[in-house]
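One-letter residues, chain by chain:
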Amino acid sequence: MTRIWHFDPTPGAVNLLPDAVLERVRPAQRAVVFGGAGMSAESGIATFRDALSGALWSRFDAERLATPEAFLRDPALVWGWYEWRRMQALKAQPNPAHRAVVELAQRLPGLCVITQNVDDLHERAGSREVLHLHGSLHQARCFDCAAAHPLETMPDEPDGGRRLPPPRCAHCGGLVRPGVVWFGEMLLAEVLDVAFEASGACDLFLSIGTSGLVHPAAQLPALARRQGATLLHVNPQKPQGVADEDYCLLGPAGAILPLLLQQAWG
Ligand code: OAD
């Protein structure tokens, strides 16, 4: 039976995490934090599938916005949408969950931070060497020659963005594309390899705010479990792929991660 614990949001409630969780977190030697959109939800950045926090993929059509074919078919539509998302990310601030990850790295040296998110809130909170499995909104590059293209801050975009022709590459004149991984594209091998290596060698794997539906990222928790790591899921709802031996801490990451730090080491 999966071990499930619920966060009680009632003001003044005493939320004591299970001893078994604290006992597995404290001595971890090689921990991994693996995050998804829920990590940034409390910063106001929309998730993809969770109706309570944005559900981008129910409001927007991924086929028209998040594939290389979509970009070539209508570059202005796609570029405008990603510029809107980039502006949302720039306006957002790191939340207590991002800050807790920084503190966790101080408690657990060697902590490997892997994210599926394309914002830079972990870095702005103070995390270093974050593995961005799905790329970054802040690192555009040429569609043709892959040269990096510096981006400027834009004024506010309307909700959902507007048609905006992408800039041209300074080297080859090709279209500049967002630096994210689209559906149908391979993940960057150098990032994926390190993520797989860290997950396969860890003793504690914290899966935070992800629905666990998108592969190959979703294979990382299972890999860690197979190698004997303790799995801890932090999410308001039980995500996909939870196994009997895992621990589920149900509630918002911005509340639970600070509690974990406080109770494990406070
Ligand atoms: P999803 O939108 O699929 O899932 C977000 C998860 O966050 C859900 O399980 C929510 O229950 C949870 N959640 C919501 N608020 C939370 C909070 N305050 N604290 C903790 N958890 C919370 O997002 P991802 O799993 O990240 O890929 O989606 C994976 C990939 O699908 C994304 O990286 C993106 C998307 O298509 C690409 O764009 C390539």
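Residues numbered from 1 in each chain as written. Predicted model: local features only at pLDDT ≥ 70, side-chain atom pairs only at ≥ 80, totals over all residues. Heavy atoms only, no water.

How would you summarise helix H10 (residues 219–226) if you had to cite specific residues and measurements?
Inspection of H10 places Leu 220, Pro 221, Leu 223, Ala 224 and Arg 225 among the buried residues, and these make up the whole buried set. Against the buried residues of H10 lie strand S2 (31–35), strand S3 (112–115), helix H9 (189–201), strand S8 (204–208) and strand S9 (230–235). Immediately beyond the C-terminal end of H10, within one or two residues, lies Gly 228, with a positive phi of roughly 100 degrees. (Buried < 20%, exposed > 50% of the residue type's maximum accessible area, 1.4 Å probe, protein only. Helix = DSSP H or I, 4+ residues; strand = E, 2+ residues; numbered from the N terminus. Contact = heavy atoms within 4.5 Å.)

Give a description of the domain arrangement of the protein that names residues and reports values.
Once the domains are mapped, the protein shows domain 1 (1–44 + 94–134 + 186–266) and domain 2 (46–91 + 136–180). Measuring from the centre of the C-alpha atoms in domain 1 to the corresponding centre in domain 2 gives 27 Å. Each partner contributes residues to the interface: domain 1 has 14 residues there, and domain 2 has 14 residues. Overall, the association of domain 1 and domain 2 removes approximately 960 Å² of surface from exposure, summing both partners, and the carbon and sulfur fraction of that is 58%. Our count for the domain 1 to domain 2 interface comes out at zero salt bridges. Taken together, domain 1 and domain 2 are joined by three residue pairs in polar contact (both at pLDDT 80 or more). Elements with a minimum of two residues in the side of domain 1 that touches domain 2: helix H2 (37–41) and helix H8 (121–125). Per-element accounting of the side of domain 1 that touches domain 2 gives the leading share, three residues, to H2. When grouped by side-chain class, the residues that make up the side of domain 1 that touches domain 2 number six nonpolar, five polar and three charged. (Domains from an automatic or database assignment. Buried area = accessible area lost by both parts, 1.4 Å probe. Salt bridge = Lys/Arg side-chain N within 4 Å of Asp/Glu carboxyl O. Polar contact = N/O pair within 3.5 Å; in protein donor to acceptor, adjacent residues only side chain to side chain. Nonpolar A, V, L, I, M, F, W, Y, C, P; charged D, E, K, R; others polar.)

So, the side chain of Gln 116: which residues are in play, and what are the values?
Mapped onto the elements, Gln 116 comes out in the loop between S3 and H8. Of the residues examined, Gln 116 reaches a relative accessible area of 11% and is grouped as buried.

Talk me through the site of the ligand; I want residue IDs and the actual numbers.
Near the ligand you find 24 residues, and of these Phe 48, Arg 49, Thr 210, Ser 211 and Asn 235 are the closest. Here Phe 48 contributes a backbone N or O atom positioned 2.7 Å from an oxygen atom of the ligand. One nitrogen or oxygen atom from the side chain of His 134 is found 2.7 Å from an oxygen atom belonging to the ligand. Here the ligand has 800 Å² of accessible area as a free molecule, and 94% of this is covered by the chains. Sort the elements by how many residues they give to the shell around the ligand and H2 lands first, with three residues. Residue composition of the shell around the ligand, grouped by class: ten nonpolar, eleven polar and three charged. No fewer than three residues from each of domain 1 (1–44 + 94–134 + 186–266) and domain 2 (46–91 + 136–180) sit in the shell around the ligand. (Near = heavy atom within 4 Å. Areas by Shrake-Rupley, 256 points an atom, 1.4 Å probe, with all protein chains shown as cover.)

Tell me about the pattern of salt bridges, and please be specific about residues and values.
The full count for this structure, using the stated rule, is six salt bridges. For Asp 74, the salt bridge is made with Arg 163, and the minimal N-O distance between the two is 2.9 Å. Of this pair, Asp 74 sits in the loop between helix H5 (68–73) and helix H6 (75–91) while Arg 163 sits in the loop between strand S6 (148–149) and strand S7 (176–180), and the two are 89 residues apart along the sequence. Across the pair Arg 225 and Asp 246 runs a salt bridge whose closest N-O atoms are separated by 2.7 Å. On the criterion of sequence distance, the pair formed by Arg 225 in helix H10 and Asp 246 in the loop between S9 and strand S10 (247–250) is long-range, its members being 21 residues apart. As far as the burial class goes, Arg 225 and Asp 246 line up, both buried.

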